Amino acid sequence: MINNKVNLCFLKKAAGILLAATSFLVMACSENVKELSPLSTHELGIAIPSGQSREYSYTDKNGGFYYGMTSTDDWGDWFAGWNIYAKRIFADYRLYVDGERLLRENARTSVYPDKLVRSYEEAVETFCLVDEPKLLCVRMDSVQGKQISFMLMGGNVVMHGRMEILYSIQRKSHRKM
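Residues numbered from 1 in each chain as written. Predicted model: local features only at pLDDT ≥ 70, side-chain atom pairs only at ≥ 80, totals over all residues. Heavy atoms only, no water.

## Notes on the nonpolar core
Then, in step 1: Membership of the largest hydrophobic core comes to 25 residues, with the highest contact counts inside it found for Tyr66, Phe90, Tyr93 and Phe127.
Then, in step 2: Within the residue set of this core, elements represented by two or more residues are β2 (55-59), β4 (81-84), β6 (92-97), β10 (124-130), β11 (135-141) and β12 (147-153). (Core = buried A, V, L, I, M, F, W, Y, C linked by side-chain atoms within 4.5 Å. Buried < 20%, exposed > 50% of the residue type's maximum accessible area, 1.4 Å probe, protein only. Helix = DSSP H or I, 4+ residues; strand = E, 2+ residues; numbered from the N terminus.)

Here's what the structure looks like:
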């Protein structure tokens, strides 16, 4: 009985060593093996197919995170939005160009490890969460209009009159994110 257990253990180890040696020889002798090159985060983007929506989450590697849906407006999930140390800052935001709301379902969306990019006909939105200081960045590029608006949504947002951040477009060169 003990002899059978020792033989079985030896056979498992021998099979593992044989498999590793075979894999090494195949890799070393193969002419089709190409050298791996490092990837940048820009090459790691995933395009979300039109008509589909995916959940995403970014963290500031401390106590903050943003949780959302790529192609869904006014998503009512309990954890949706920007949260820091279990405190909801806001649930979502809306973007407007010249008073017209940009609907996420109409955008071409790509998700990257460090940012989310939505391309609308009227503008390109780039969203990211910065590690330090605690900062959420929504950047608008290629704007086809004269004014953009940003509206925060959620129960923790205090409204004083009309809570909207307006920005008039000035044609200047801006630093890339």
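## Brief notes about the pattern of salt bridges
Then, in step 1: Applying the stated rule across the entire model yields six salt bridges.
Then, in step 2: Taking the shortest distance from any N to any O, the salt bridge between Asp60 and Lys134 comes out at 3.2 Å. You can see Asp60 sitting in the loop between β2 and β3 (64-69) and its partner Lys134 sitting in the loop between β10 and β11, a full 74 residues away along the chain.
Then, in step 3: On the accessibility criterion, Asp60 (4% relative accessible area) is buried.
Then, in step 4: The residue Arg101 makes a salt bridge to Asp73 at a minimum N-O spacing of 3.6 Å. Residue Arg101 is found in strand β7 (residues 100-101), and its partner Asp73 is found in the loop between β3 and β4; the two are separated by 28 residues along the sequence. (Salt bridge = Lys/Arg side-chain N within 4 Å of Asp/Glu carboxyl O.)

## A look at the packing of aromatic side chains
Then, in step 1: In this structure the tally under the stated criterion is eleven aromatic pairs.
Then, in step 2: Here Tyr66 and Phe127 contribute two aromatic rings whose centre-to-centre distance is 4.7 Å and whose plane-to-plane angle is 55°, an arrangement assigned as tilted. With a gap of 61 residues between them, Tyr66 in strand β3 and Phe127 in strand β10 connect regions that are remote in the sequence. Each member of the pair, Tyr66 as well as Phe127, carries the same accessibility label: buried.
Then, in step 3: Among the aromatic residues, those joined into a ring-pair cluster are Tyr56, Tyr58, Tyr66, Trp82, Phe90, Tyr93, Phe127 and Phe150. (Phe/Tyr/Trp six-rings, centres within 6.5 Å; stacked < 30°, edge-to-face > 60°.)

## Observations concerning the environment of Arg94
Then, in step 1: Within the secondary structure, Arg94 sits in strand β6.
Then, in step 2: When its relative accessible area of 19% is taken as the criterion, Arg94 is described as buried.
Then, in step 3: Sequence separation of Arg94 and Leu152 is 58 residues, and the distance between their C-alpha atoms is 6.6 Å.

## Quick look at the confidence of the model for the protein chain
Then, in step 1: Residues at a pLDDT of 70 or more form 70% of the protein chain, whose mean pLDDT is 80.
Then, in step 2: In the model, residues 170-177 has pLDDT below 50 throughout and makes nine contacts with residues more than four positions away in sequence or in other chains. (pLDDT = per-residue confidence, 0-100. Contact = heavy atoms within 4.5 Å.)

## Quick look at the environment of Asp131
Then, in step 1: For Asp131, the location among the structural elements is in the loop between β10 and β11.
Then, in step 2: It is 9.8 Å that separates the C-alpha atoms of Asp131 and Gly63, two residues lying 68 residues apart in sequence.
Then, in step 3: For Asp131, the side chain forms a polar contact with the side chain of Lys61, separated by 3.1 Å. (Polar contact = N/O pair within 3.5 Å; in protein donor to acceptor, adjacent residues only side chain to side chain.)

## Describing the pairing of β4
Then, in step 1: Examined bridge by bridge, β3 and β4 share four bridges and lie antiparallel to one another. Bridge pairing in β4 links Tyr67 to Gly81.
Then, in step 2: Examined bridge by bridge, β4 and strand β5 (residues 87-90) share three bridges and lie antiparallel to one another. Each residue of the ladder has a partner; that of Trp82, found in β5, is Phe90.
Then, in step 3: Counted between consecutive antiparallel strands, the loop separating β4 from β5 contains two residues, among which Tyr85 sits at a positive phi close to 50°. (Pairing = 2+ DSSP bridges.)

## Looking at empty space enclosed by the protein
Then, in step 1: Taken as a whole, this structure holds two cavities of 30 Å³ or more when the rule is applied.
Then, in step 2: Looking at which element gives the most residues to the lining of the largest cavity, the answer is β3, with four residues.
Then, in step 3: Classifying every residue of the lining of the largest cavity gives seven nonpolar, three polar and three charged.
Then, in step 4: There is about 30 Å³ of room inside the second largest cavity.
Then, in step 5: Together, Asp73, Tyr93, Arg94, Leu95, Leu102, Arg104, Tyr120 and Glu125 line the second largest cavity.
Then, in step 6: No other element matches β6, which puts three residues into the lining of the second largest cavity.
Then, in step 7: Across the lining of the second largest cavity, the residue classes tally to four nonpolar, no polar and four charged. (1 Å grid on protein atoms, 1.4 Å probe; cavity = no way out; pocket = protein on both sides within 12 Å on 5 of 7 lines; lining within 4 Å. Points joined across faces, edges and corners; volume = space filled by probe spheres on them. Nonpolar A, V, L, I, M, F, W, Y, C, P; charged D, E, K, R; others polar.)

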